[in-house]
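These are the residues of each chain, in order.
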Amino acid sequence: MSLAIANLSDILDRREISAFQIRVVALCAAIAFVDGIEGQLAGYIAPALRQDMGLTPSELGFFLASGPLGLLFGGLFVAPLADRFGRRPILIACVTLFGICSLLTAMSTSLLMLDAFRFLTGVGVGGALANSISLTAEYSPVHRRSLMVAIMLLGFITGSIAVGLISAAIVPVLGWRSVLIAGGILSLLLVPLLYFVLPESIRFLASRNGARDEVVRLIKRIDPTMAIDRNTRLVLGELEECSVSVAALFRDGRTRRTLLLWTIYFMSLLTLYLMSSWLTTHVRELGFAVNVAILIGTLFQVGGVLGVLFGWMVDRIGAGVAIISAYATGAVAIVCIGLAGTNLAALAITVLLAGFGIIGGQAATNALAAISYPTQIRSTGVGWASGIGRIGSIIGPSLAGILVGVSGSTESIFYLAVIPPLCACLAGLVLSSSVPVSAKGSAAAQ
């Protein structure tokens, strides 16, 4: 007997996750993996690039900032296109873009070319990451949505670790261009798989007229036992927005949450990119070999793998507590990096803990963004939060470059880098006291 009404939210939220849903999350994790490679490789190749091209600290800082600048544009202007045209075509286009631009960066013969292609790579990475988060959220049950987003983002962290290990192995032998070539090839190899296998967001399709047959097909892939015929009425089962716009992020009581989310993103990504961009250079200038410096930098990303704990905390006890715990841990660890000096063991432990706190906090913040907005504006919400955060990711490496040029020491970076995570803690405190959020209690998450 066929159903009279098929509520899509009930179908997704009241059953165990199917193999099809797991496959979607795995594809998003694969996108995040190459995103992580392309997004984080600049910091690993920075010492070799600086030596090879004779860059000043400020020139290196501008190169390191050009990628985050592209991420800003990708988050603000590319990611929201998915709320109009769908997650799938934007994801495929973005992966293609940053794969090609990575290869072109490797072929660059001037600083201008390096910066331009690194910027375009960032545009693709920014658009892809925001929509990977959205697509994962839209195929996840509400009570596990934050955890599923955090697990998917392990792909990004794993990619960041992989590019560190790859860089440590091949930069001393083949040079910095080899890392860009490897990243570009891996990204482009993923494109055919996405084209033939990646589905469109079922929630996005359900919010559009004329996509009924595709929605029914996807429902049956999630649950083959569902009885749906032409007379069954399909409903999305969540609050709908009348328009897709940035202004919608401030309607229906979302203003405070949106502003706090933007603040946390800004402070988090400022810290994350400052650390990722300059940590390897700092360790190198302490006198360690280039491969040791790269491996120490990789530990920052390894710590982020353990930070998936904070994504789980968002679902269980709320975003505020998760965010405060994560960034407080990161702030303490960052100070200890500066104090560790040339003690390799202390340096390794403090870098690992810094990654646990800062990257774990970013995972919790991404999970919060995914549950804070309804389907019609989810990519806009995640994209704009990410885009605002990218302003911080541009300022961080650039400001650090200026600071190193003035002080003559990379150690001073870590006394600057402790301030933003403390600000993120404060924003998390305001969030938990005024708009407690968890996947269970958020209306936007339905």
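Look up a bit, the structure's there.
Rules and cut-offs
Residues numbered from 1 in each chain as written. Predicted model: local features only at pLDDT ≥ 70, side-chain atom pairs only at ≥ 80, totals over all residues. Heavy atoms only, no water. Helix = DSSP H or I, 4+ residues; strand = E, 2+ residues; numbered from the N terminus. Rg over C-alpha atoms; globule rule 2.2 N^0.38 Å. Buried < 20%, exposed > 50% of the residue type's maximum accessible area, 1.4 Å probe, protein only. Contact = heavy atoms within 4.5 Å. Areas by Shrake-Rupley, 256 points an atom, 1.4 Å probe, with all protein chains shown as cover. Lys, Arg positive; Asp, Glu negative; His and termini not counted. Charge placed at Lys NZ, Arg CZ, Asp CG, Glu CD. 1 Å grid on protein atoms, 1.4 Å probe; cavity = no way out; pocket = protein on both sides within 12 Å on 5 of 7 lines; lining within 4 Å. Points joined across faces, edges and corners; volume = space filled by probe spheres on them. Nonpolar A, V, L, I, M, F, W, Y, C, P; charged D, E, K, R; others polar. Salt bridge = Lys/Arg side-chain N within 4 Å of Asp/Glu carboxyl O. Patch = residues over 30% accessible without salt bridge, like charges linked within 9 Å, V, L, I, M, F, W, Y side chains within 5 Å. Expected span 1.5 Å × (residues − 1). Phe/Tyr/Trp six-rings, centres within 6.5 Å; stacked < 30°, edge-to-face > 60°. Axes fitted to C-alpha atoms, helices over the stretch in contact; angles between N-to-C directions. Parallel < 35°, antiparallel > 145°, perpendicular 65-115°, else oblique. Left-handed = near helix turned anticlockwise from the far one by under 90°. Core = buried A, V, L, I, M, F, W, Y, C linked by side-chain atoms within 4.5 Å.

K.L.:
Teacher, can you tell me more about the overall build of the chain here?
P.N.:
If you tally the helices and strands in the chain, you get 19 helices and two strands. The C-alpha atoms of the chain give a radius of gyration of 21 Å, which matches the 22 Å a tight globule of 446 residues would have. Principal-axis analysis of the C-alpha atoms places the extent of the chain at approximately 75 × 45 × 35 Å. Each of the 446 residues in the chain was classed as buried or not, and the buried ones make up 59%. For the chain, the share of sequence-separated contacts (at least 6 apart) that also reach a separation of at least 24 residues comes to 84%. In the structure as shown, the chain presents an accessible area of about 16000 Å², 68% of it carried by carbon and sulfur atoms. Looking at charge distribution, the chain has the averaged site of its 28 positive side-chain charges lying 4 Å from that of its 22 negative ones.

K.L.:
What is the right way to read empty space enclosed by the protein from this model?
P.N.:
Within the structure shown, the criterion is met by four cavities of 30 Å³ or more. As a volume, the largest cavity reaches approximately 210 Å³. Forming the boundary of the largest cavity are 19 residues, of which L129, L153, F156, Q362 and N366 lie nearest the centre. For the lining of the largest cavity, the elements supplying multiple residues, two or more each, are α6 (111–138), α8 (154–174), α12 (255–285), α16 (344–371) and α17 (378–407). Space inside the second largest cavity adds up to approximately 80 Å³. In terms of lining, the second largest cavity is formed by G39, Q40, A42, G43, F63, L64, G67, P68, R118, Y273, S276 and S277. Along the lines of polarity and charge, the residues of the lining of the second largest cavity split into five nonpolar, six polar and one charged.

K.L.:
I would appreciate a short explanation of the pattern of salt bridges in the present structure.
P.N.:
Side chains that differ in sign of charge can pair as their charged atoms come close. With the rule as written, the count across this model stands at six salt bridges. Close ionic contact of E138 with R87 constitutes a salt bridge, the shortest N to O distance being 2.6 Å. Residue E138 is located in helix α6, and its partner R87 is located in helix α5 (residues 87–106); the two are separated by 51 residues in the primary sequence. Assessed through its relative accessible area of 0%, E138 is described here as buried. D252 is the salt-bridge partner of R254, the closest N and O atoms lying 3.7 Å from each other. On the basis of relative accessible area, R254 is assigned to the buried category, the value being 9%. If you follow the salt bridges from partner to partner, you end up with D83, R87, E138 and R378 in one network.

K.L.:
Would you explain a nonpolar patch on the surface in this entry?
P.N.:
Taken together, the side chains of I181, I185, L186 and L189 make up a nonpolar region of the molecular surface, amounting to roughly 350 Å² of accessible area. Turning to its location among the elements, L186 is positioned in helix α9 (residues 177–197). Here L186 falls in the partly exposed class, since its relative accessible area comes to 37%.

K.L.:
Could you clarify how one ought to interpret unusual backbone geometry in this entry?
P.N.:
A negative phi holds for most residues other than glycine; trans holds for most peptide bonds. Phi at D252 is positive, roughly 55 degrees, even though this residue is not glycine. Inspection of the secondary structure puts D252 in the loop between β2 (233–235) and α12. D252 gets classed as exposed once you look at its relative accessible area, which sits at 66%.

K.L.:
What's the story with helix α15 (residues 319–340) in this structure? I'm lost.
P.N.:
The periodicity of an α-helix, 3.6 residues per turn, causes residues three or four positions apart to be oriented the same way. Helix length check: α15 (22 residues) gives 31 Å between terminal C-alpha atoms against 32 Å at 1.5 Å per residue, within 8%. Looking one or two residues past α15, G341 carries a phi angle of roughly 60 degrees, positive in sign.

K.L.:
Sorry, what's going on with the environment of V292 here?
P.N.:
Mapped onto the secondary structure, V292 falls in helix α13 (residues 290–306). For the pair V292 and T280, spaced twelve residues apart in sequence, the C-alpha separation works out to 8.8 Å.

K.L.:
How should the packing of aromatic side chains be read in this particular structure?
P.N.:
Each pair of aromatic rings is reported with the distance of its centres and the angle of its planes. Under the definition given, this model contains seven aromatic pairs. Summarising the aromatic geometry, the rings of Y195 and F196 are spaced 5.1 Å apart at their centres and angled 90 degrees between planes, so their arrangement reads as edge-to-face. Here Y195 matches F196 in class, with each residue exposed. Taking the centre distance of 5.0 Å and the plane angle of 45 degrees together, the rings of F310 and F356 count as tilted. A residue pair is termed long-range when its members are at least 10 positions apart, and F310 in helix α14 (residues 308–317) and F356 in helix α16 qualify at 46 residues.

K.L.:
Help me understand the packing of helix α7 (residues 145–152) against α16, please; the structure alone is not making it clear to me.
P.N.:
A pair of packed helices is characterised by two quantities: the angle between their axes and the separation of those axes. Running from amino to carboxyl end, α7 crosses α16 at an angle of 130 degrees, the nearest separation of the two axes being 9 Å. Considering the angle they form, α7 stands oblique to α16. In this structure, the crossing between α7 and α16 has a hand that is right-handed. Contacts between α7 and α16 pair R145, S146 and V149 from the former with N366, A367, A370 and I371 from the latter.

K.L.:
Just to check I follow, could you spell out α6 for this structure?
P.N.:
With 28 residues, α6 extends 41 Å between its outermost C-alpha atoms, agreeing within 8% with the 40 Å of an ideal straight helix rising 1.5 Å per residue. Within α6, 21 of the 28 residues are buried, leaving the element largely enclosed by the surrounding structure.

K.L.:
Help me out: how do you make sense of the nonpolar core in this one?
P.N.:
Across soluble globular proteins, nonpolar side chains show a tendency to be buried alongside one another. Judged by nonpolar contacts, the single largest core of 132 residues is most densely connected at I202 and F300. Among the elements that take part in this core, helix α2 (residues 19–53) stands out by supplying 16 residues, more than any other. The contacts of I202, once residues within four sequence positions are left out, are L8, L12, E138, Y139, V215, L218, I219 and I222.

Note that every value here comes from positions in space, so none of it alone points to a role or purpose.
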